[in-house]
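Geometric and topological summary
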Amino acid sequence: MSHVLAVSNQKGGVGKTTTVVNLAAVIAAHGKTVLVLDLDPQANATSGLGVEPKSGVSLYNALVDLENLNDVIVGTSVENVNIIPSEVDLAGAEVEIARMDDHLHGLQKVLDPIIDQNVFDYIIIDCPPSLGILMSNALAAADSVLIPMQCEYYAMEGLSVITGLVERIRTSGANPKLRIEGVLMTMYSHTRLADDVIEQVRSYYGDAVYDTIIPRSVRAGEAPSFGLPVVAYAPSSTVAEGYFAFGKEFLDRAKAWELAADKIDLPASPRSSDLA
Ligand SMILES: Nc1ncnc2c1ncn2[C@@H]1O[C@H](COP(=O)(O)OP(=O)(O)O)[C@@H](O)[C@H]1O
Ligand SMILES: [Mg+2]
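Residues numbered from 1 in each chain as written. Chains lettered and ligands numbered in written order. Predicted model: local features only at pLDDT ≥ 70, side-chain atom pairs only at ≥ 80, totals over all residues. Heavy atoms only, no water.

1. Observations concerning the site of ligand 1
Formally: For this description, a residue counts as near a given molecule or strand if any of its non-hydrogen atoms is within 4 Å of it. Here a polar contact is recorded for every N or O atom pair within 3.5 Å, except that within protein the pair must consist of a potential hydrogen donor and a potential acceptor, and residues adjacent in sequence are included only if both atoms are side-chain atoms. Only the protein chains shown count as cover for residues, and the accessible areas themselves come from Shrake-Rupley with a 1.4 Å probe. Secondary structure is summarised from DSSP: a helix means a run of H or I of at least four residues, a strand means a run of E of at least two, and numbering begins at the N terminus for each. Gly is put with the polar residues, along with every residue not named as nonpolar or charged; the nonpolar set is Ala, Val, Leu, Ile, Met, Phe, Trp, Tyr, Cys and Pro, and the charged set is Asp, Glu, Lys and Arg.
Close contacts around ligand 1 come from 15 residues, with G13, K16, T17, T18 and P215 the closest. The backbone of S217 places a nitrogen or oxygen atom 2.9 Å from a nitrogen atom of ligand 1. For ligand 1, whose accessible area on its own is 560 Å², the fraction buried by protein is 78%. Going through the elements one at a time, α1 (16-29), β8 (209-215) and α9 (218-222) are the ones with two or more residues in the shell around ligand 1. When residues in the shell around ligand 1 are grouped by element, the largest group, 3 residues, is from α1. Across the shell around ligand 1, the residue classes tally to 6 nonpolar, 7 polar and 2 charged.

2. Focus: the nonpolar core
Heads up, the condition is: Note on terminology: a nonpolar core comprises buried Ala, Val, Leu, Ile, Met, Phe, Trp, Tyr and Cys residues joined through side-chain atoms within 4.5 Å. Each residue is assigned to one of three classes by its accessible area relative to the maximum for its type, calculated with a 1.4 Å probe on protein chains only: buried under 20%, partly exposed between the two thresholds, exposed over 50%. Any two residues whose heavy atoms approach within 4.5 Å at even a single point are treated as in contact.
Membership of the largest hydrophobic core comes to 53 residues, with the highest contact counts inside it found for L59, L69, I84, L107, I125, M185 and V201. For this core, the element with the most residues is helix α7 (residues 155-171), which contributes 7 residues. With near-sequence residues (within four places) excluded, L59 lies in contact with L37, L39, L69, I84, P85, L90, L107 and V110.

3. A few points about the environment of V110
Within the fold, V110 resides in helix α5 (residues 106-117). Expressed as a C-alpha distance, the spacing of V110 and A62, which sit 48 residues apart in the sequence, is 6.8 Å.

4. Points about a nonpolar patch on the surface
What counts here: Candidates for patches are residues over 30% relative accessible area with no salt bridge; among them, like charges are joined within 9 Å and nonpolar side chains (Val, Leu, Ile, Met, Phe, Trp, Tyr) within 5 Å. Should a side-chain nitrogen of Lys or Arg be within 4 Å of a carboxyl oxygen of Asp or Glu, the pair is scored as a salt bridge.
On the surface, Y153, Y154 and L193 cluster together into a nonpolar patch covering about 380 Å² of accessible area. By the element assignment, Y153 lies in the loop between β6 (144-150) and α7.

Right, here's the structure in full:
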């Protein structure tokens, strides 16, 4: 089955979209097939992957008319990365979903047939920067959440807001399987403050924080205007190196989750104390 990963943080400008397009590109280079779902009406992931936003080509029609989502999947500037683009009209999707009987699971309903087809190893959702209905729908449809955050002073407060929402989505029964995939620190520059923030986040969230830290680099800001992830636009830049390392760490961790899940089905093995 496809793994659905929501990349979320209610704050804008923390590196969600940059993380979505670069993670997609790196894991595709590792042989995974990826579908990006651009859920932000600003369509930055769409243009950042070299696709021009077009009216009528987004999740919107599928939500409104229950049209087949397959019809709006398009290829991108990166091999093995496809996208369901966004467009300005997607802002209206909030209203359409709110009108549905089960307004938390609207997105899940339209995504289910694609998940069942199992064409994509990963479906990566680029969430909008708000706590609105699109974001809740993304969390209700996701297997796990990846939280990018900037190494800045109020980072911890922001992080507790999103982890609190994840917890509510899980315990309310909206999506009991939802888990936190990890926290990725972004836009790091060598300052005392950044180091303090990372240390603080690590002390609260422990292993959930990835070892890889994405450095700040102007190359990251240049790449989108070429319709390319920075790992393709400037592969030897520090920020691209960061995303290559992160993609690998992400896949290694995913593998560990898989192995742990497999173990659940095995009969419990005797503990050494039982054998003694
Ligand atoms: N590592 C980085 N170094 C420098 N600039 C970055 C980095 N990551 C992202 N940016 C830039 O910061 C801005 C916000 O990043 P973006 O990924 O769009 O955040 P979000 O999707 O959370 O709003 C964009 O202009 C992006 O190009
Ligand atoms: Mg964004």
